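Summary of the model geometry
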Amino acid sequence: MSKRFTSLALTAHPPAATGRGRGRSRRVLAPFTAVSVLVAGAALAGCGQQRDAGTYTVMNSSTDESYHRWDAEAMARCGKELGVTIEQQSVPASQVMTKALRMASSKSLPDIVQFDASEMPTFADAGGLVDLRTLGLSTDDIPDGIVDFGSYKGTYYGAARSVNTLALFYNKDVLDKAGVKVPTTWAELRATAKQLTQGKRYGLALSAGGAEDGVFQFTPFMWSNGGDETDLDGPKVVEALDYWKSLLKDGSLSKSTVNWTQADVNDQFMAGNAAMMINGPWQVETLNSDKSLHWGIAPIPVPEAGDDSVGPLGGAVLTVPNTGDEAREKTAGKIVACLASEKEQLTYALNSWMVPANAEAAAAWREKVPELDSLADQVAVARSRTAKLGAGWSSVSLALQSAFQSALTGQSSETALKRAQQRATSGN
């Protein structure tokens, strides 16, 4: 089993979650031009404040009590190992970039910033990050796809501790009672979702909100159908959005799906208001808190039997901002190396239900949580949202968010996506 994961992960192309981080919060991507001006004009001007020589700060989005505690424990271990104090500064995921920009403008950037991998290229393109290889970090034990996940234009800026993707979660009791199997194709998903829609319960829940959550959830449908982010009004992308519209037309999706985040989707599933949902492993801890809920996980259904289920590779990466203080940057690099070590990755992944980025740690994780085997398979073939477009992803994301709102409230998919392509190309 462990060899199978390593082999698959090594061919994963190209590289998070969260999700886009963990994909749990609304995230608004900052315009690239604004980042370029602020970072290039301020962050690169050098460190503007006196700092405690023995204290280092990590800014992340671990605002959930559990994640904050796990990170604090890891930082305490690494701080003890390196002989420094590591302080954690957690802000909502949607605020990491804007907070970093404000700190850059005041020359008070933290020593380490954990960016969502989809945002990292924007900061890197402006020259705001240090090449981690120059700080002594090695990528020898990291699958190529995940190295790419933390890289921009071939430079390794972000070390991932864990990665994630999306999968189909289903209520075992509901499916068993209805006598239906877990769907594997779009046709089966549509038929099953329609059959399971009864009373206040919808057959399926997903996020199609006007934020990055919705874009993250759309990519498996777009990519598995052969669609491409460089051609938003192409027929394969239109078909994917039309498929979402068909689920809404059937009544299998709530009309509120255009407002739901992935956290909202999980709430609906746990409340019994959805028989199935599209979501990620960051929800597992919450799902397991309800012992009466018997859930399973499977790959996201594909257009036709035999197609690859290609989801988005999500997650966050630890980066070292370019502050001009080379001595602190070197120590920050050692902290990143410790937090992203095989041992720490496995500990973090077992807590958070993410998949470790390190191949050996991932193999050990897979042995320990076989119930998430399908998730590991999905991660192995997942793609990075920024692989093709880099910092240009933010324009595509904003354009798609607008397209979902229009198409799912009455406009044709073709018209909505034609406008999206125009917006993505022009930046307006």
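All residue numbers here refer to positions counted from 1 along the written sequence of the relevant chain. With the structure being a predicted model, the display of local features is reserved for residues of pLDDT at least 70 and the display and counting of side-chain atom pairs for 80 or more, all residues being used for whole-chain, interface and lining totals. As a rule here, side-chain values come from all non-hydrogen atoms in the structure, and water together with hydrogens is ignored.

1. Looking at the overall build of the protein
Where we set the bar: Under the scheme used here, helices are H or I runs from DSSP no shorter than 4 residues and strands are E runs no shorter than 2 residues, and both carry numbers assigned from the N terminus. A simple rule labels every residue: compare its accessible area, found with a 1.4 Å probe on the protein chains alone, to the largest value its type can have, and call it buried under 20%, exposed over 50%, or partly exposed in between.
Counting secondary structure elements, the protein contains 18 helices and 13 strands. Within the protein, the fraction of its 428 residues that count as buried is 60%.

2. Re the sheet that holds strand β11 (residues 295-298)
Put simply, the test is: The pairing criterion is simple: DSSP has to find at least two bridges between the two strands. Where helices are involved, their axes are fitted lines through C-alpha atoms of the stretch in contact, as for all axes, and angles between N-to-C directions lie from 0 to 180°.
The four strands lie next to each other as β9-β10-β8-β11, forming an open sheet whose pairing is mixed. Single-partner strands in this sheet number two, and they are β9 (202-205) and β11. Between one strand axis and the next, the sheet turns through 20° on average, direction left out of account. Of the strand pairs in this sheet, strand β8 (residues 167-171) and β11 are connected by four bridges, and their pairing is antiparallel. In the sheet register, L168 faces β11, and the bridge partner there is A298.

3. Concerning the environment of W223
Put simply, the rule is: In what follows, residue pairs with any heavy atoms lying within 4.5 Å of each other are defined as contacts. Each polar contact in these results corresponds to two N or O atoms within 3.5 Å; when the atoms are within protein, one needs to be able to donate a hydrogen and the other to accept it, and residues that are neighboring in sequence are counted only if both atoms are side-chain atoms.
Locating W223 in the fold gives a position in helix α9 (residues 212-224). Along the sequence, W223 and P312 sit 89 residues apart, while their C-alpha atoms lie 8.9 Å from each other. The residues contacting W223, other than those within four sequence positions of it, are E229, V310, G311, P312, R383, S384 and R385. Separated by 2.9 Å, the side chains of W223 and E229 make a polar contact.

4. Some remarks on a negative patch on the surface
The criterion, for reference: Only residues whose relative accessible area exceeds 30% and that take part in no salt bridge are eligible for patches, with like-charged residues grouped when within 9 Å of each other and nonpolar side chains (Val, Leu, Ile, Met, Phe, Trp, Tyr) grouped when within 5 Å. To measure how exposed things are, a 1.4 Å probe is used in the Shrake-Rupley method; for residues, cover is taken only from the protein chains shown. Any carboxyl oxygen of Asp or Glu that lies within 4 Å of a side-chain nitrogen of Lys or Arg is treated as forming a salt bridge with it. His is not counted here, nor are the chain ends, while Lys and Arg score as positive and Asp and Glu score as negative. Taken as the charge centre is NZ of Lys, CZ of Arg, CG of Asp or CD of Glu, depending on the residue.
Together, D231, D233, E239, D242 and E414 give the surface a local cluster of negative charge. Structurally, D233 is set in the loop between α9 and α10 (235-250).

5. Digging into helix α13 (residues 326-339)
Under the convention used in this document: Given the number of residues in a helix, its expected span is that number minus one, multiplied by 1.5 Å.
In this model, α13 (14 residues) spans 20 Å end to end at C-alpha, consistent with the 20 Å of a helix rising 1.5 Å per residue. Those residues of α13 that fall on the buried side of the exposure criterion are R328, E329, T331, A332, G333, I335, V336, C338 and L339.

6. Description of the packing of α10 against helix α18 (residues 413-426)
For the record, the criterion: When describing relative orientation, an angle under 35 degrees is termed roughly parallel and one over 145 degrees roughly antiparallel, while 65 to 115 degrees is termed roughly perpendicular and anything else oblique. Note on convention: the crossing is left-handed when the near helix lies turned anticlockwise from the far helix by less than a right angle, right-handed when the turn is clockwise. Basically, the charged four are Asp, Glu, Lys and Arg, the nonpolar ten are Ala, Val, Leu, Ile, Met, Phe, Trp, Tyr, Cys and Pro, and anything else, Gly included, counts as polar.
Packing of α10 against α18 leaves a shortest axis separation of 9 Å and a crossing angle of 130°. What the angle tells us is that α10 and α18 run oblique. Considering only the axes of α10 and α18, their crossing is right-handed. Contacts from V237, V238, L241, D242 and K245 of α10 reach α18 at S413, E414 and L417. When its residues are assigned to classes, the contact of α10 with α18 shows four nonpolar, one polar and three charged.

7. Quick notes on the nonpolar core
Where we set the bar: The nonpolar core is taken to be a set of buried Ala, Val, Leu, Ile, Met, Phe, Trp, Tyr and Cys residues, with the residues joined through side-chain atoms within 4.5 Å.
Of all hydrophobic cores here, the largest spans 76 residues; its most connected members are F115, W295 and W365. A per-element tally of this core places helix α4 (residues 96-105) first, with six residues. Setting aside its immediate chain neighbours within four residues, W295 contacts F169, Y170, K172, F269, V284, L287, N288 and L372. Core analysis: the next-biggest nonpolar cluster, separate from the first, contains 53 residues, V180, F216, M354 and L400 among them.

8. Concerning the pairing of strand β2 (residues 85-90)
We count it as follows: Assignment of crossover handedness uses the view with strands pointing away from the viewer, where a clockwise path from the first strand over the helix to the second indicates a right-handed crossover.
Two elements, strand β1 (residues 55-60) and β2, share six bridges in a ladder whose sense is parallel. From the neighbouring strand, T57 faces β2, where its bridge partner is E87. For the crossover that starts at β1, traverses helix α3 (residues 65-82) and ends in the parallel β2, the hand is right-handed.

9. Concerning the state of the cysteines
Which entries qualify depends on this criterion: In plain terms, two cysteine sulfur atoms within 2.5 Å form what is called a disulfide here.
One pass over the structure, following the stated rule, counts one disulfide. At a sulfur-sulfur separation of 2.1 Å, the disulfide partner of C78 is C338. Between C78 and C338 the sulfur-sulfur dihedral comes to about -90°; the bridge is accordingly left-handed. Here C78, found in helix α3, pairs with C338, found in helix α13; they are 260 residues apart in sequence, far enough to count as distant. Assessed through its relative accessible area of 8%, C338 is described here as buried.

10. Overview of the packing of aromatic side chains
What counts, and what does not: Note on aromatic pairs: the rings of Phe, Tyr and Trp (six-membered ring only in Trp) are paired at centre separations within 6.5 Å, and the planes decide the class, stacked below 30 degrees, edge-to-face beyond 60, tilted for the rest. Working rule: Lys NZ or Arg CZ, within 6 Å of ring centre, within 35 degrees of ring normal, means a charge sits over the ring.
Summed over all chains, the structure comprises eleven aromatic pairs. With a centroid separation of 5.6 Å and an interplanar angle of 40°, the aromatic rings of F169 and W295 are classed as tilted. Of this pair, F169 sits in strand β8 while W295 is found in strand β11, placing the two residues 126 residues apart along the sequence. Here F169 and W295 have matching classes, each one buried. Look at F221 and W244: their rings are 5.8 Å apart centre to centre, the planes differ by 70°, and that puts the pair in the edge-to-face class. In this pair, F221 is assigned in helix α9 and W244 in helix α10, connecting sequence segments 23 residues apart. The class of W244 is buried, set by a relative accessible area of 1%. Grouped by ring-pair contacts, the aromatic residues W186, F218, F221, Y243, W244 and F404 constitute a single cluster. Residue placement shows R161 over the ring face of Y348; its charged tip is 4.1 Å from the ring centre.

Function cannot be read off these values alone, since they describe shape.
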